[in-house]
Amino acid sequence: GLKRQGYEIKSVILKPDWRLIVGLGNESVYETSITLHHIYGIPYIPGSAIKGVIRNYIITEKFNSDEKEALKHEVFCLIFGSPKESKMGEHKGKVIFFDAYPLEPPNIEPDVMNVHYPDYYSAGKPPADYQNPNPIFFLTVKDTRFEFIIGIKESNNSVIRTGIFKNKCPIEVSYKYLKKALSEHGIGAKTAVGYGYMECAGDD
């Protein structure tokens, strides 16, 4: 990682291995909206979304989906912050997750989702062939490289000697799981049907 003005910085360049959905606003723990920048009008991935996906991935993979268990671990609390009842008490996370921006003019393509039984979903009527499919158009980004950057103050980045991330420092753990979460879990809407998975696309 680079050291700049007392910060340790790591970055990785990733691109969608198929398509990434822009701004299909169904936010949940698992799906976070990628949105258009309010000044530049380009798609970008908010740092809060990146942080949420990585945090959720670590809880699922390393702590058997048990958030209480995760909060007993110092590195987890250092990275993401934690409430009063955690191992470290109430504090803000030390790792900064920056917004991810495209490295080139983004390749944007429309896509369509057909809701075949709109009355079934909206009015609770039984699904039937006479109902008209209701196409929903949305934007996707493909073949576009994004740079993901994380940072931490060097003074907060000491190696932890115990626990599940023994002998690792917070930025190392964050960087490892940034790549794993985005390639294995994906980011954005509709990851369950294959959108939003990222792959390495440049030198780290």
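See the structure printed just above.
Residues numbered from 1 in each chain as written. Predicted model: local features only at pLDDT ≥ 70, side-chain atom pairs only at ≥ 80, totals over all residues. Heavy atoms only, no water.

**Student:** Looking at this model, I keep getting lost on the overall build of the protein. Mind explaining?
**Tutor:** The secondary structure content of the protein amounts to five helices and 13 strands. When burial is assessed residue by residue, the protein has 43% of its 204 residues classed as buried. Excluding contacts between residues fewer than 6 apart, the proportion of contacts in the protein whose partners are at least 24 apart in sequence is 64%. If you sum the accessible surface of the protein, you get close to 11100 Å²; carbon and sulfur atoms cover 50% of it. (Helix = DSSP H or I, 4+ residues; strand = E, 2+ residues; numbered from the N terminus. Buried < 20%, exposed > 50% of the residue type's maximum accessible area, 1.4 Å probe, protein only. Contact = heavy atoms within 4.5 Å. Areas by Shrake-Rupley, 256 points an atom, 1.4 Å probe, with all protein chains shown as cover.)

**Student:** Help me out: how do you make sense of the pattern of salt bridges in this one?
**Tutor:** Opposite charge on two side chains permits them to pair, given that their charged atoms come into close proximity. If you walk through the whole model with that rule in mind, you get eight salt bridges. A salt bridge links K180 to E184, with the shortest nitrogen-to-oxygen separation between them at 3.3 Å. Of this pair, K180 and E184 both sit in helix α5 (residues 170-184), separated by four residues, roughly a single helical turn. Since its relative accessible area comes to 29%, K180 is described here as partly exposed. One salt-bridge network, held together by shared partners, links R19, E109, D111 and K142. (Salt bridge = Lys/Arg side-chain N within 4 Å of Asp/Glu carboxyl O.)

**Student:** Explanation requested: a nonpolar patch on the surface in the structure shown.
**Tutor:** A cluster of nonpolar residues, L36, I108 and L139, forms a patch on the protein surface that exposes about 220 Å² of accessible area. Locating L139 in the fold gives a position in strand β11 (residues 134-142). Note on L139: relative accessible area 35%, which makes it partly exposed. (Patch = residues over 30% accessible without salt bridge, like charges linked within 9 Å, V, L, I, M, F, W, Y side chains within 5 Å.)

**Student:** Help me out: how do you make sense of the environment of V22 in this one?
**Tutor:** Within the fold, V22 resides in strand β3 (residues 20-22). Judged by its relative accessible area of 8%, V22 falls in the buried class. When the C-alpha atoms of V22 and V141 are compared, they prove to be 7.1 Å apart, with 119 residues separating the residues in sequence. Residues contacting V22, with those up to four places away along its chain left out, are I34, T35, L36, P43, L139, T140 and V141.

**Student:** When you look at the environment of E147 in this model, what are you seeing that I'm missing?
**Tutor:** Here E147 is to be found in strand β12 (residues 146-153). Residue classification places E147 among the partly exposed residues on the basis of a relative accessible area of 25%. Apart from residues no more than four positions distant in its own chain, E147 is found in contact with S11, V12, I13, D99, A100, Y101 and L103.

**Student:** I would appreciate a short explanation of the nonpolar core in the present structure.
**Tutor:** Note on soluble globular proteins: their nonpolar side chains tend to be buried together. Ranked by internal contacts, the top residues of the largest apolar core, which has 42 residues, are I45, I50, I54, F148 and I187. Of all the secondary structure elements, the ones that give two or more residues to this core are β2 (7-16), β3, α1 (47-62), α3 (74-80), β12 and α5. Here I54 is in contact with F80, F97, Y177, L178 and A181, once residues within four sequence places are set aside. (Core = buried A, V, L, I, M, F, W, Y, C linked by side-chain atoms within 4.5 Å.)

**Student:** Help me out: how do you make sense of α5 in this one?
**Tutor:** An α-helix turns once per 3.6 residues; consequently, residues spaced three or four apart project the same way. Taking 1.5 Å per residue as the helical rise, α5 with its 15 residues ought to reach 21 Å, and the 21 Å between its terminal C-alpha atoms agrees with that figure. Every buried residue belonging to α5 is among P170, I171, V173, S174, Y175, Y177, L178, A181 and L182, and all of these are buried. Where α5 is buried, its residues touch β2, α1, α3, β12 and β13 (198-200). Looking at the residues trailing α5, positive phi occurs at G186, about 85°. (Expected span 1.5 Å × (residues − 1).)

**Student:** How should the packing of α1 against α5 be read in this particular structure?
**Tutor:** Two packed helices can be described by the angle between their axes and the distance between those axes. At a closest axis distance of 9 Å, the pairing of α1 and α5 adopts a crossing angle of 90°. Comparing their axes, α5 and α1 come out roughly perpendicular. Contact with α1, carried on its side by I50, V53, I54, Y57, I58 and K62, involves Y177, L178, K180, A181, L182 and E184 of α5 and no other residues of that element. Of the residues belonging to the contact of α1 with α5, the class tally is nine nonpolar, no polar and three charged. (Axes fitted to C-alpha atoms, helices over the stretch in contact; angles between N-to-C directions. Parallel < 35°, antiparallel > 145°, perpendicular 65-115°, else oblique. Nonpolar A, V, L, I, M, F, W, Y, C, P; charged D, E, K, R; others polar.)

**Student:** Can you walk me through the side chain of S174 in this structure?
**Tutor:** Following the sequence through the fold, S174 ends up in helix α5. The contacts of S174, once residues within four sequence positions are left out, are I79, V95 and I150.

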